[in-house]
Amino acid sequence: MMDLRTPETSCSSPEGDRGLRHDWTRAEAQALYEAPFNDLLYRAHTVHRRFFDPNTVQMSRLLSIKTGGCAEDCGYCSQSAHHASGVAATKLMALERVLDEAKRAREAGATRYCMGAAWRSPKERDMDLLCAMVEGVRALGLETCMTLGMLTDGDVARLKTAGLDYYNHNIDTSERYYSEIITTRTFAERLDTLARVREAGMKVCAGGIVGMGEEPEDRVDMLVTLANLPQHPESVPINMLIAVPGTPLAGAEKIDALDFVRTIALARILMPKSYVRLSAGRTNMSEETQALCFFAGANSIFVGDVLLTAENPDEDTDAQLFAKLGLKPQETDPRSGEPDNAQDA
Ligand code: SAM
Ligand code: DTB
Ligand code: SF4
């Protein structure tokens, strides 16, 4: 039986990160991933209960503020100009439309608004409008998140000044498997942008995709990389590949649902205080799989029937699932802007 006594916290952690571990070895993480399912889930759920209300789920809403025509060649993505997925390219959305959509999201219960652009990196000429979006969405009482590709120090400084709360930038897979999926940028460039965002004092949202033909070791390595960053990402989105026709990964074999749950559980154990988001791919998951993910430590989802370009369960479907599971949406504490269910160790 797996040793359930190994601590998730240790004295060797750096000051300022409240005693969380950043020294996970690949072997330790692999052993957890491969443990008997009940042992793994018991431990992940125990960690989850220690730091969070297990029946509360944070809800984020996505908006694609600039769709398609992207110069990068990410093998999974419908928005790459390299793939014939049929997604039409658009210009950057007008401010008023973004704010209208954000108001609707707030009324539907979202607490965080995540604006995504199909760019390798933003252009200088777009920065004023992007900053105005951040300011406007924040003024509505929503947490703000953007995902715009790679950022320079100057971009990061401007977004931070505008009040951007979170930056999403996924590492997507292991360093080893990265070049099988993306050739137009490197894993190291991804880590550089994450370091810049952290340095500027913004919260980090970083995760990846499973079901891209990677080995279990790649999932483990991806999570170890995230957990061993100087500070854990506050949000860790775990996406199940949505296999989009026309992309190189259109024919990827669907990941076994229990392996997906194992990935969520490992993320929870390695990063005990992070929000682990059950992200893209929920329309291809049974209620039972989602329920196991919530038990294993997932405590955040995207709501609304569209992600960026792909489908997501509609609000009624999610409301029914939440009712069956006795889950409730998390509210954000309006005084601090912080989620109000995170518990300190
Ligand atoms: N262009 C920016 C970037 O790559 O960082 C932001 C947008 S990009 C669409 C955001 C993330 O969505 C990707 O890093 C990837 O993890 C996820 N994603 C994109 N297409 C996906 C798919 N078909 N299935 C699952 N996740 C996907
Ligand atoms: C993340 O990890 N998943 C979201 C968000 N961050 C930007 C995006 C999912 C995209 C799914 C495919 C699509 O909608 O095109
Ligand atoms: Fe572009 Fe982002 Fe899609 Fe890659 S994941 S092709 S960078 S939009």
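Look up a bit, the structure's there.
Residues numbered from 1 in each chain as written. Chains lettered and ligands numbered in written order. Predicted model: local features only at pLDDT ≥ 70, side-chain atom pairs only at ≥ 80, totals over all residues. Heavy atoms only, no water.

Caption draft 1: The arrangement of the nonpolar core in detail. Among the nonpolar cores identified, the biggest contains 94 residues, and Ile65, Leu130, Met146, Leu159, Ile238, Phe260 and Leu270 are the most heavily contacted of them. Looking at this core element by element, the count peaks at eight residues for helix H9 (residues 257-270). Among residues more than four places away in sequence, those in contact with Leu270 are Trp24, Ala29, Leu32, Leu223, Val224, Ala227 and His232. Grouped together as the second largest cluster of nonpolar side chains are seven residues, Tyr166, Ala280, Phe302 and Leu307 included. (Core = buried A, V, L, I, M, F, W, Y, C linked by side-chain atoms within 4.5 Å. Buried < 20%, exposed > 50% of the residue type's maximum accessible area, 1.4 Å probe, protein only. Helix = DSSP H or I, 4+ residues; strand = E, 2+ residues; numbered from the N terminus. Contact = heavy atoms within 4.5 Å.)

Caption draft 2: Representation of unusual backbone geometry in the model. We note that Asp172 has phi near 70 degrees; this positive angle belongs to a residue other than glycine. Along the chain, Asp172 turns up in the loop between strand E4 (166-168) and helix H6 (175-181). Here Asp172 falls in the buried class, since its relative accessible area comes to 3%.

Caption draft 3: Here's a closer look at the pattern of salt bridges. Under the counting rule described, the total for this entry stands at 20 salt bridges. A salt bridge links Glu143 to Arg112, with the nearest nitrogen and oxygen atoms 3.1 Å apart. A residue pair is termed long-range when its members are at least 10 positions apart, and Glu143 in strand E3 (residues 143-147) and Arg112 in strand E2 (residues 112-117) qualify at 31 residues. Like Arg112, Glu143 is buried. When the shortest N-O distance is used, the salt bridge between Arg158 and Asp128 registers 2.4 Å. Taken together, the residues Arg158 in helix H5 (residues 153-162) and Asp128 in helix H4 (residues 127-139) connect sequence positions 30 residues apart. (Salt bridge = Lys/Arg side-chain N within 4 Å of Asp/Glu carboxyl O.)

Caption draft 4: View of the site of ligand 2. Neighbouring ligand 2 are 14 residues; Asn170, Asn239, Leu308, Thr309 and Ala310 lie closest to it. At a separation of 2.8 Å, an oxygen atom of ligand 2 approaches a polar side-chain atom of Asn239. Contact distances for ligand 2 include 2.5 Å between an oxygen atom and a side-chain N or O atom of Thr309. Against a free-state accessible area of 400 Å², the protein chains account for coverage of 87% of ligand 2. Here the shell around ligand 2 is built from residues that sort into seven nonpolar, seven polar and no charged. (Near = heavy atom within 4 Å. Polar contact = N/O pair within 3.5 Å; in protein donor to acceptor, adjacent residues only side chain to side chain. Areas by Shrake-Rupley, 256 points an atom, 1.4 Å probe, with all protein chains shown as cover. Nonpolar A, V, L, I, M, F, W, Y, C, P; charged D, E, K, R; others polar.)

Caption draft 5: Molecular detail of the site of ligand 1. Lining the immediate environment of ligand 1, one finds 17 residues, of which Tyr76, Asn170, Asp172, Arg190 and Ile242 sit closest. Here Asn170 contributes a side-chain N or O atom positioned 2.9 Å from an oxygen atom of ligand 1. For ligand 1, whose accessible area on its own is 550 Å², the fraction buried by protein is 90%.

Caption draft 6: Summary view of the packing of aromatic side chains. Counted by the stated rule, this structure contains three aromatic pairs. Each ring, one from Tyr178 and one from Phe187, has its centre 5.5 Å from the other, and the planes form 75 degrees; the classification is edge-to-face. Take Tyr178: its relative accessible area is 2%, and that puts it in the buried class. Each ring, one from Phe294 and one from Phe322, has its centre 6.2 Å from the other, and the planes form 85 degrees; the classification is edge-to-face. (Phe/Tyr/Trp six-rings, centres within 6.5 Å; stacked < 30°, edge-to-face > 60°.)

Caption draft 7: Representation of helix H8 (residues 216-227) within the structure. If you check H8, its first and last C-alpha atoms are 17 Å apart, about what twelve residues at 1.5 Å a residue would give, namely 16 Å. Looking at H8, one finds that the buried residues are Asp218, Arg219, Val220, Asp221, Met222, Leu223, Val224, Leu226 and Ala227. Where H8 is buried, its residues meet helix H1 (26-34), H6, strand E6 (208-210), strand E7 (235-240) and H9. (Expected span 1.5 Å × (residues − 1).)

Caption draft 8: View of the environment of Thr173. With respect to the helices, strands and loops of the structure, Thr173 is situated in the loop between E4 and H6. Taking the C-alpha atoms as reference points, Thr173 and Ile209, separated by 36 residues in sequence, lie 6.4 Å from one another. Excluding anything up to four places from it in sequence, Thr173 contacts Tyr178, Phe187, Met212, Glu214, Asp218 and Met222.

Caption draft 9: Local environment of the side chain of Thr247. As for its position among the elements, Thr247 is in the loop between E7 and H9. Note on Thr247: relative accessible area 6%, which makes it buried. A polar contact of 2.6 Å, which involves the side chain of Thr247, links it to the backbone oxygen of Val244. Look past the residues within four positions of Thr247 in its chain and what remains in contact with it is Gly75, Tyr76, Cys77, Ser78 and His83.

Caption draft 10: Representation of the packing of H8 against H9. Between H8 and H9, whose axes approach to 10 Å, the crossing angle comes to 20 degrees. What the angle tells us is that H8 and H9 run roughly parallel. Viewed along their axes, H8 and H9 form a crossing whose handedness is right-handed. Where H8 abuts H9, its residues Arg219, Val220, Leu223, Val224 and Ala227 lie against Asp259, Thr263, Leu266, Ala267 and Leu270. Grouping the amino acids of the contact of H8 with H9 by side-chain chemistry returns seven nonpolar, one polar and two charged. (Axes fitted to C-alpha atoms, helices over the stretch in contact; angles between N-to-C directions. Parallel < 35°, antiparallel > 145°, perpendicular 65-115°, else oblique. Left-handed = near helix turned anticlockwise from the far one by under 90°.)

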